[in-house]
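Each chain, letter by letter, is given below.
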Amino acid sequence: MTHLKSLLSILLIALSAVNASPLRRDASMATLRFAARLNARDATLSVADADRARAQAMVHAGSKSKRAGSSSVSITNNVVEYVAQVGVGSPATQYSLLVDTGSSNTWIGAANPYKPTNTSVDTGDTVSVTYGSGEFSGEEYLDTVTLSSDLVITGQSIGVAKSSSGFNNIDGILGIGPTDLTQGTVSNGGLVPTVTDNLFSKGIIGTEALGIFFPPISANNAGELTFGGYDSSKTTSPVNYVPLTTTSPASSYWGIDQSIAYGSSTILSETAGIVDTGTTLILIATDAFNQYKSATGATMDQTTGLLTITSDQYAKLQTLTFNIGGSPYDLTPDAQIWPRSFNAEIGGNSSSIYLIVTDIGSNSGSGLDFINGYSFLQRFYSVFDTTDHRVGFATTSYTDAVIN
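Residues numbered from 1 in each chain as written. Predicted model: local features only at pLDDT ≥ 70, side-chain atom pairs only at ≥ 80, totals over all residues. Heavy atoms only, no water.

What follows is about the pattern of salt bridges. If you walk through the whole model with that rule in mind, you get nine salt bridges. Measuring nitrogen to oxygen at the nearest pair gives 2.9 Å for the salt bridge that ties D49 to R52. Of this pair, D49 and R52 both sit in helix α2 (residues 47-63), three residues apart, which is roughly one turn of the helix. Between D231 and K234 there is a salt bridge whose closest N-O contact spans 3.5 Å. Each of R54, D100 and D276 takes part in salt bridges that share partners, so that together they form one network. (Salt bridge = Lys/Arg side-chain N within 4 Å of Asp/Glu carboxyl O. Helix = DSSP H or I, 4+ residues; strand = E, 2+ residues; numbered from the N terminus.)

Let us now look at the packing of aromatic side chains. Within this structure, the stated rule accounts for 15 aromatic pairs. Ring geometry for W107 against F167: centres 5.1 Å apart, planes inclined by 80 degrees, an arrangement best described as edge-to-face. Here F167 lies in the loop between β7 (151-165) and β8 (172-175) and W107 lies in strand β4 (residues 107-108), a separation of 60 residues in the sequence. The pair formed by W107 and F167 is uniform in burial state, with each residue classed as buried. Centroid distance Y329 to F393: 5.6 Å. Interplanar angle 65 degrees. Geometry classified as edge-to-face. One end of the pair, Y329, is in strand β18 (residues 327-331); the other, F393, is in strand β23 (residues 390-395), and 64 residues separate them in sequence. The same class applies to Y329 and to F393, which are both buried. (Phe/Tyr/Trp six-rings, centres within 6.5 Å; stacked < 30°, edge-to-face > 60°. Buried < 20%, exposed > 50% of the residue type's maximum accessible area, 1.4 Å probe, protein only.)

Counting residues in each nonpolar core, the largest one holds 86 residues, and the members touching the most others are L147, L174, L225 and F227. Discounting residues that sit within four places of it in the chain, L225 has contacts with A30, T31, L32, F34, V99, L174, I176, L210, G211 and I212. (Core = buried A, V, L, I, M, F, W, Y, C linked by side-chain atoms within 4.5 Å. Contact = heavy atoms within 4.5 Å.)

Bringing the sheet that holds strand β21 (residues 370-372) into the picture now. As summarised here, the arrangement of the seven strands in space is β18-β17-β12-β13-β21-β14-β20, forming an open sheet in which the pairing is mixed. At either end of the open sheet lies a strand with only one pairing partner, and these are β18 and β20 (357-359). Each adjacent strand pair in this sheet contributes to an overall mean axis angle of 35 degrees, direction not counted. With five bridges connecting them, strand β17 (residues 320-324) and β18 associate as antiparallel partners. Residue pairing in the sheet places N323 in a bridge with P328 of β18. (Pairing = 2+ DSSP bridges. Axes fitted to C-alpha atoms, helices over the stretch in contact; angles between N-to-C directions.)

Structure (C-alpha coordinates):
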(Lines give C-alpha, C1' and ligand atoms only; values in the text may rest on other atoms or scores of the structure.)
Protein backbone atom coordinates (compact mmCIF):
# COMPACT_ATOMS: atom_id res chain seq x y z
CA MET A 1 0.00 0.00 0.00
CA THR A 2 2.85 2.37 0.91
CA HIS A 3 4.49 1.59 -2.44
CA LEU A 4 1.22 2.30 -4.26
CA LYS A 5 0.82 5.62 -2.46
CA SER A 6 4.36 6.58 -3.44
CA LEU A 7 3.66 5.80 -7.07
CA LEU A 8 0.45 7.84 -6.95
CA SER A 9 2.31 10.76 -5.39
CA ILE A 10 4.95 10.65 -8.11
CA LEU A 11 2.22 10.52 -10.78
CA LEU A 12 0.38 13.49 -9.26
CA ILE A 13 3.61 15.50 -9.09
CA ALA A 14 4.33 14.67 -12.74
CA LEU A 15 0.82 15.65 -13.80
CA SER A 16 1.08 18.90 -11.87
CA ALA A 17 4.34 19.69 -13.65
CA VAL A 18 2.72 19.05 -17.02
CA ASN A 19 -0.26 21.28 -16.21
CA ALA A 20 2.04 24.06 -14.97
CA SER A 21 4.19 23.98 -18.09
CA PRO A 22 4.32 27.32 -19.89
CA LEU A 23 3.98 25.37 -23.14
CA ARG A 24 0.59 23.89 -22.33
CA ARG A 25 -2.14 24.40 -24.90
CA ASP A 26 -4.25 26.60 -22.63
CA ALA A 27 -1.42 28.99 -21.81
CA SER A 28 -2.38 32.65 -21.91
CA MET A 29 -2.83 34.26 -25.28
CA ALA A 30 -1.95 37.86 -26.01
CA THR A 31 -3.16 40.29 -28.62
CA LEU A 32 -1.46 42.92 -30.78
CA ARG A 33 -3.75 45.51 -32.33
CA PHE A 34 -3.04 47.00 -35.73
CA ALA A 35 -4.56 49.71 -37.90
CA ALA A 36 -5.74 49.38 -41.48
CA ARG A 37 -4.84 52.22 -43.79
CA LEU A 38 -5.16 52.96 -47.47
CA ASN A 39 -2.07 53.38 -49.59
CA ALA A 40 -1.80 56.20 -52.06
CA ARG A 41 -2.41 54.62 -55.45
CA ASP A 42 0.48 54.25 -57.84
CA ALA A 43 -0.88 55.74 -61.06
CA THR A 44 1.26 53.37 -63.12
CA LEU A 45 0.00 50.20 -61.42
CA SER A 46 -3.61 49.18 -60.76
CA VAL A 47 -4.51 47.28 -57.60
CA ALA A 48 -5.14 44.20 -59.74
CA ASP A 49 -1.75 44.51 -61.47
CA ALA A 50 -0.01 44.93 -58.12
CA ASP A 51 -1.69 41.82 -56.72
CA ARG A 52 -0.83 39.84 -59.85
CA ALA A 53 2.80 40.91 -59.63
CA ARG A 54 2.89 39.66 -56.04
CA ALA A 55 1.24 36.39 -57.06
CA GLN A 56 3.71 35.74 -59.85
CA ALA A 57 6.63 36.56 -57.55
CA MET A 58 5.23 34.05 -55.05
CA VAL A 59 4.99 31.36 -57.73
CA HIS A 60 8.57 32.05 -58.76
CA ALA A 61 9.92 32.18 -55.21
CA GLY A 62 8.00 29.18 -53.94
CA SER A 63 9.04 27.04 -56.90
CA LYS A 64 12.77 27.66 -56.39
CA SER A 65 14.97 25.85 -53.95
CA LYS A 66 15.42 27.87 -50.78
CA ARG A 67 18.27 30.29 -51.26
CA ALA A 68 18.94 33.98 -50.97
CA GLY A 69 16.47 36.13 -52.83
CA SER A 70 13.76 33.47 -52.99
CA SER A 71 12.18 34.00 -49.63
CA SER A 72 9.64 36.73 -50.10
CA VAL A 73 7.63 38.93 -52.43
CA SER A 74 6.35 42.44 -52.73
CA ILE A 75 3.90 43.76 -50.19
CA THR A 76 4.45 47.39 -50.95
CA ASN A 77 1.81 47.98 -53.65
CA ASN A 78 -1.28 46.66 -51.90
CA VAL A 79 -4.01 49.24 -51.45
CA VAL A 80 -4.93 48.20 -47.90
CA GLU A 81 -2.05 47.99 -45.42
CA TYR A 82 -2.07 46.68 -41.86
CA VAL A 83 0.34 48.57 -39.66
CA ALA A 84 1.30 47.55 -36.12
CA GLN A 85 3.33 49.60 -33.66
CA VAL A 86 6.25 47.44 -32.53
CA GLY A 87 8.88 48.37 -29.96
CA VAL A 88 12.55 47.46 -30.49
CA GLY A 89 15.27 47.82 -27.85
CA SER A 90 15.14 48.77 -24.17
CA PRO A 91 13.95 51.41 -23.68
CA ALA A 92 11.92 50.60 -26.78
CA THR A 93 11.69 52.76 -29.88
CA GLN A 94 8.34 52.37 -31.65
CA TYR A 95 8.33 51.43 -35.33
CA SER A 96 5.41 51.17 -37.76
CA LEU A 97 5.62 47.71 -39.34
CA LEU A 98 3.50 46.06 -41.99
CA VAL A 99 1.85 42.82 -40.87
CA ASP A 100 2.54 40.16 -43.51
CA THR A 101 1.75 36.42 -43.63
CA GLY A 102 3.53 36.11 -46.98
CA SER A 103 7.01 36.82 -45.62
CA SER A 104 8.81 35.87 -42.42
CA ASN A 105 11.71 38.26 -41.72
CA THR A 106 11.11 41.08 -39.26
CA TRP A 107 13.10 44.19 -40.05
CA ILE A 108 13.20 47.95 -39.49
CA GLY A 109 14.92 51.05 -40.82
CA ALA A 110 13.07 51.88 -44.04
CA ALA A 111 11.92 55.23 -42.65
CA ASN A 112 13.04 55.80 -39.06
CA PRO A 113 16.58 54.67 -38.28
CA TYR A 114 17.38 51.92 -35.80
CA LYS A 115 18.30 53.15 -32.33
CA PRO A 116 20.61 50.63 -30.60
CA THR A 117 20.31 50.24 -26.84
CA ASN A 118 22.07 48.04 -24.29
CA THR A 119 19.96 45.07 -25.49
CA SER A 120 21.23 45.35 -29.08
CA VAL A 121 23.63 42.68 -30.33
CA ASP A 122 25.19 42.89 -33.79
CA THR A 123 25.57 39.29 -35.01
CA GLY A 124 28.06 40.27 -37.69
CA ASP A 125 25.84 38.71 -40.36
CA THR A 126 24.26 40.53 -43.25
CA VAL A 127 20.63 40.17 -44.25
CA SER A 128 18.93 40.78 -47.56
CA VAL A 129 15.41 40.13 -48.84
CA THR A 130 13.97 40.88 -52.27
CA TYR A 131 10.22 41.58 -52.40
CA GLY A 132 9.53 41.79 -56.12
CA SER A 133 9.12 45.57 -56.41
CA GLY A 134 10.96 46.32 -53.20
CA GLU A 135 13.97 45.14 -51.24
CA PHE A 136 16.08 45.76 -48.21
CA SER A 137 19.58 44.86 -47.17
CA GLY A 138 21.56 45.51 -44.04
CA GLU A 139 22.79 43.86 -40.86
CA GLU A 140 21.25 41.29 -38.57
CA TYR A 141 20.85 42.24 -34.91
CA LEU A 142 19.42 40.41 -31.93
CA ASP A 143 17.30 42.69 -29.78
CA THR A 144 14.29 42.90 -27.50
CA VAL A 145 11.05 43.17 -29.49
CA THR A 146 7.92 44.36 -27.71
CA LEU A 147 4.67 43.54 -29.46
CA SER A 148 2.58 44.36 -26.38
CA SER A 149 3.03 44.35 -22.61
CA ASP A 150 2.34 40.60 -22.66
CA LEU A 151 4.46 39.88 -25.73
CA VAL A 152 8.08 40.79 -25.08
CA ILE A 153 10.73 38.76 -26.93
CA THR A 154 14.38 38.93 -25.93
CA GLY A 155 17.07 38.05 -28.46
CA GLN A 156 14.78 38.32 -31.51
CA SER A 157 16.53 38.41 -34.87
CA ILE A 158 15.78 41.64 -36.71
CA GLY A 159 17.09 43.06 -39.92
CA VAL A 160 18.39 46.61 -39.75
CA ALA A 161 18.19 48.18 -43.18
CA LYS A 162 21.17 50.04 -44.57
CA SER A 163 19.30 50.41 -47.84
CA SER A 164 15.71 49.76 -48.89
CA SER A 165 13.40 50.61 -51.76
CA GLY A 166 9.68 50.33 -52.42
CA PHE A 167 8.54 51.21 -48.90
CA ASN A 168 6.76 54.48 -48.23
CA ASN A 169 5.82 55.86 -44.80
CA ILE A 170 6.56 52.61 -42.99
CA ASP A 171 9.58 51.41 -41.06
CA GLY A 172 9.68 47.76 -42.14
CA ILE A 173 7.85 44.46 -41.87
CA LEU A 174 6.58 42.17 -39.12
CA GLY A 175 6.96 38.83 -40.89
CA ILE A 176 4.55 36.13 -39.66
CA GLY A 177 4.80 33.67 -42.53
CA PRO A 178 6.28 30.14 -42.35
CA THR A 179 9.84 29.98 -41.01
CA ASP A 180 11.18 28.25 -44.14
CA LEU A 181 10.75 31.53 -46.03
CA THR A 182 13.74 32.93 -44.11
CA GLN A 183 16.14 30.34 -45.54
CA GLY A 184 19.09 32.04 -47.20
CA THR A 185 18.14 35.58 -46.21
CA VAL A 186 20.95 35.89 -43.63
CA SER A 187 24.59 35.39 -44.57
CA ASN A 188 25.02 32.48 -42.14
CA GLY A 189 22.68 30.51 -44.41
CA GLY A 190 20.37 29.18 -41.71
CA LEU A 191 16.73 29.65 -40.83
CA VAL A 192 15.72 32.72 -38.82
CA PRO A 193 13.19 32.10 -36.03
CA THR A 194 10.13 34.30 -36.53
CA VAL A 195 8.51 36.29 -33.74
CA THR A 196 5.90 33.54 -33.42
CA ASP A 197 8.63 30.88 -33.20
CA ASN A 198 10.33 32.72 -30.36
CA LEU A 199 7.14 33.46 -28.45
CA PHE A 200 6.48 29.72 -28.47
CA SER A 201 10.02 28.53 -27.73
CA LYS A 202 10.29 30.93 -24.78
CA GLY A 203 7.01 29.69 -23.32
CA ILE A 204 5.19 33.01 -23.72
CA ILE A 205 2.45 31.32 -25.76
CA GLY A 206 1.32 27.72 -25.36
CA THR A 207 0.88 26.82 -29.02
CA GLU A 208 2.49 28.26 -32.13
CA ALA A 209 -0.71 29.62 -33.58
CA LEU A 210 -1.81 33.05 -34.70
CA GLY A 211 -5.38 34.32 -34.96
CA ILE A 212 -6.09 37.29 -37.24
CA PHE A 213 -9.14 39.53 -37.20
CA PHE A 214 -9.43 41.91 -40.14
CA PRO A 215 -12.40 44.26 -39.99
CA PRO A 216 -13.41 45.78 -43.33
CA ILE A 217 -11.65 49.04 -44.10
CA SER A 218 -15.04 50.77 -44.25
CA ALA A 219 -15.77 49.70 -40.66
CA ASN A 220 -12.91 51.90 -39.40
CA ASN A 221 -12.05 49.48 -36.59
CA ALA A 222 -8.68 48.15 -35.45
CA GLY A 223 -7.59 44.66 -36.42
CA GLU A 224 -6.06 42.18 -34.03
CA LEU A 225 -3.30 39.56 -34.05
CA THR A 226 -3.78 37.00 -31.28
CA PHE A 227 -0.63 35.01 -30.57
CA GLY A 228 -1.08 31.55 -29.04
CA GLY A 229 -4.57 30.81 -30.34
CA TYR A 230 -7.57 32.86 -31.37
CA ASP A 231 -10.00 35.33 -29.85
CA SER A 232 -13.39 33.63 -29.63
CA SER A 233 -15.05 36.98 -28.87
CA LYS A 234 -14.43 37.90 -32.51
CA THR A 235 -16.00 34.76 -33.99
CA THR A 236 -19.63 33.71 -34.48
CA SER A 237 -18.94 30.05 -35.29
CA PRO A 238 -16.43 27.34 -34.36
CA VAL A 239 -13.09 27.47 -36.16
CA ASN A 240 -12.91 24.81 -38.86
CA TYR A 241 -9.37 23.67 -39.66
CA VAL A 242 -7.84 22.18 -42.78
CA PRO A 243 -4.32 20.78 -43.20
CA LEU A 244 -1.74 22.77 -45.10
CA THR A 245 -1.53 21.79 -48.76
CA THR A 246 1.31 19.60 -49.99
CA THR A 247 1.17 21.08 -53.50
CA SER A 248 4.09 23.29 -54.53
CA PRO A 249 4.56 26.24 -54.70
CA ALA A 250 1.53 26.97 -52.48
CA SER A 251 3.05 24.68 -49.84
CA SER A 252 5.85 27.22 -49.27
CA TYR A 253 3.33 29.66 -47.81
CA TRP A 254 0.10 29.37 -45.80
CA GLY A 255 -1.31 27.13 -48.52
CA ILE A 256 -4.63 25.26 -48.52
CA ASP A 257 -6.82 23.32 -50.94
CA GLN A 258 -10.24 24.67 -51.91
CA SER A 259 -12.85 24.80 -54.65
CA ILE A 260 -15.02 27.79 -55.62
CA ALA A 261 -18.61 27.93 -56.85
CA TYR A 262 -20.62 30.85 -58.19
CA GLY A 263 -24.25 30.18 -57.40
CA SER A 264 -24.74 26.48 -58.09
CA SER A 265 -21.91 26.21 -60.65
CA THR A 266 -18.34 25.23 -59.78
CA ILE A 267 -15.89 27.63 -61.41
CA LEU A 268 -12.72 26.25 -59.81
CA SER A 269 -12.35 22.58 -58.91
CA GLU A 270 -10.43 21.73 -55.75
CA THR A 271 -6.88 22.96 -56.13
CA ALA A 272 -4.05 24.55 -54.17
CA GLY A 273 -3.57 28.21 -53.35
CA ILE A 274 -2.72 30.44 -50.42
CA VAL A 275 -4.18 32.68 -47.75
CA ASP A 276 -2.32 36.00 -47.73
CA THR A 277 -2.70 39.25 -45.82
CA GLY A 278 -0.46 41.09 -48.29
CA THR A 279 -2.86 40.65 -51.20
CA THR A 280 -5.74 43.12 -51.45
CA LEU A 281 -8.13 41.23 -53.75
CA ILE A 282 -9.21 37.64 -54.33
CA LEU A 283 -7.20 36.18 -57.21
CA ILE A 284 -8.32 33.05 -59.06
CA ALA A 285 -6.97 31.10 -62.02
CA THR A 286 -7.65 32.59 -65.46
CA ASP A 287 -10.08 29.85 -66.55
CA ALA A 288 -12.10 30.28 -63.34
CA PHE A 289 -11.97 34.07 -63.66
CA ASN A 290 -13.37 33.91 -67.19
CA GLN A 291 -16.27 31.80 -65.94
CA TYR A 292 -16.95 34.26 -63.14
CA LYS A 293 -16.81 37.19 -65.54
CA SER A 294 -19.24 35.52 -67.92
CA ALA A 295 -21.66 34.45 -65.18
CA THR A 296 -21.83 37.93 -63.63
CA GLY A 297 -21.98 39.75 -66.96
CA ALA A 298 -19.16 42.01 -65.81
CA THR A 299 -16.88 44.01 -68.07
CA MET A 300 -13.27 44.98 -67.52
CA ASP A 301 -12.58 48.54 -66.40
CA GLN A 302 -9.21 49.54 -67.84
CA THR A 303 -8.52 52.28 -65.29
CA THR A 304 -8.81 50.15 -62.16
CA GLY A 305 -8.06 46.78 -63.75
CA LEU A 306 -11.18 45.41 -62.03
CA LEU A 307 -14.42 43.95 -63.29
CA THR A 308 -17.34 46.36 -63.13
CA ILE A 309 -21.08 45.65 -63.10
CA THR A 310 -24.25 47.68 -63.39
CA SER A 311 -26.79 48.16 -60.61
CA ASP A 312 -29.11 45.70 -62.35
CA GLN A 313 -26.33 43.10 -62.51
CA TYR A 314 -25.53 43.69 -58.85
CA ALA A 315 -29.15 42.99 -57.95
CA LYS A 316 -28.78 39.58 -59.62
CA LEU A 317 -25.34 38.78 -58.21
CA GLN A 318 -25.20 35.30 -56.66
CA THR A 319 -23.21 33.96 -53.73
CA LEU A 320 -19.56 33.08 -54.29
CA THR A 321 -18.83 30.00 -52.19
CA PHE A 322 -15.37 28.82 -51.13
CA ASN A 323 -15.44 25.14 -50.15
CA ILE A 324 -12.55 24.55 -47.76
CA GLY A 325 -12.24 21.14 -46.10
CA GLY A 326 -15.92 20.40 -46.68
CA SER A 327 -17.10 23.66 -45.10
CA PRO A 328 -18.68 26.41 -47.23
CA TYR A 329 -17.58 30.03 -46.82
CA ASP A 330 -20.01 32.31 -48.60
CA LEU A 331 -19.27 35.74 -49.98
CA THR A 332 -22.53 37.62 -50.32
CA PRO A 333 -23.03 40.12 -53.16
CA ASP A 334 -21.99 42.94 -50.79
CA ALA A 335 -18.80 41.01 -49.96
CA GLN A 336 -17.90 40.66 -53.64
CA ILE A 337 -17.65 44.39 -54.36
CA TRP A 338 -15.03 46.97 -53.54
CA PRO A 339 -16.28 49.43 -50.87
CA ARG A 340 -17.87 52.16 -52.97
CA SER A 341 -16.83 54.93 -50.57
CA PHE A 342 -13.21 54.11 -51.47
CA ASN A 343 -13.57 53.95 -55.26
CA ALA A 344 -11.36 57.00 -55.67
CA GLU A 345 -8.51 55.27 -53.85
CA ILE A 346 -8.27 52.72 -56.66
CA GLY A 347 -8.69 55.33 -59.40
CA GLY A 348 -12.33 54.45 -59.96
CA ASN A 349 -15.55 56.35 -60.54
CA SER A 350 -17.55 57.13 -57.40
CA SER A 351 -20.79 55.82 -58.91
CA SER A 352 -19.37 52.55 -60.30
CA ILE A 353 -19.53 49.06 -58.80
CA TYR A 354 -16.27 47.10 -58.91
CA LEU A 355 -15.82 43.41 -58.13
CA ILE A 356 -12.99 42.23 -55.90
CA VAL A 357 -12.38 38.96 -57.78
CA THR A 358 -9.61 39.19 -60.37
CA ASP A 359 -7.37 37.10 -62.62
CA ILE A 360 -4.25 35.57 -61.08
CA GLY A 361 -2.62 35.50 -64.52
CA SER A 362 -2.37 31.76 -65.27
CA ASN A 363 -4.71 28.82 -65.81
CA SER A 364 -5.46 26.34 -63.04
CA GLY A 365 -2.89 23.63 -62.48
CA SER A 366 0.04 25.93 -61.63
CA GLY A 367 0.20 24.81 -58.00
CA LEU A 368 -0.91 28.26 -56.86
CA ASP A 369 -4.35 28.76 -58.40
CA PHE A 370 -5.87 31.26 -55.99
CA ILE A 371 -5.03 33.78 -53.32
CA ASN A 372 -7.58 34.54 -50.62
CA GLY A 373 -6.47 38.08 -49.82
CA TYR A 374 -7.82 40.88 -47.64
CA SER A 375 -11.16 40.92 -49.47
CA PHE A 376 -11.75 37.37 -48.21
CA LEU A 377 -10.09 37.73 -44.80
CA GLN A 378 -12.16 40.79 -43.85
CA ARG A 379 -15.21 38.53 -43.84
CA PHE A 380 -13.77 35.55 -41.92
CA TYR A 381 -11.56 35.10 -38.88
CA SER A 382 -8.40 33.16 -39.77
CA VAL A 383 -6.04 31.03 -37.66
CA PHE A 384 -2.52 30.09 -38.80
CA ASP A 385 -1.35 27.11 -36.76
CA THR A 386 2.29 26.08 -37.13
CA THR A 387 2.12 23.50 -34.32
CA ASP A 388 -0.55 21.40 -36.02
CA HIS A 389 0.27 22.39 -39.63
CA ARG A 390 -3.15 23.79 -40.43
CA VAL A 391 -5.21 26.88 -41.22
CA GLY A 392 -8.64 27.56 -39.77
CA PHE A 393 -11.57 29.86 -40.51
CA ALA A 394 -14.65 31.05 -38.65
CA THR A 395 -17.46 33.47 -39.36
CA THR A 396 -17.58 36.92 -37.75
CA SER A 397 -20.12 39.70 -37.36
CA TYR A 398 -18.85 41.04 -40.70
CA THR A 399 -19.37 37.82 -42.70
CA ASP A 400 -22.85 38.78 -43.93
CA ALA A 401 -22.77 42.51 -43.14
CA VAL A 402 -23.95 45.01 -45.72
CA ILE A 403 -21.28 47.70 -45.61
CA ASN A 404 -20.23 48.34 -49.21
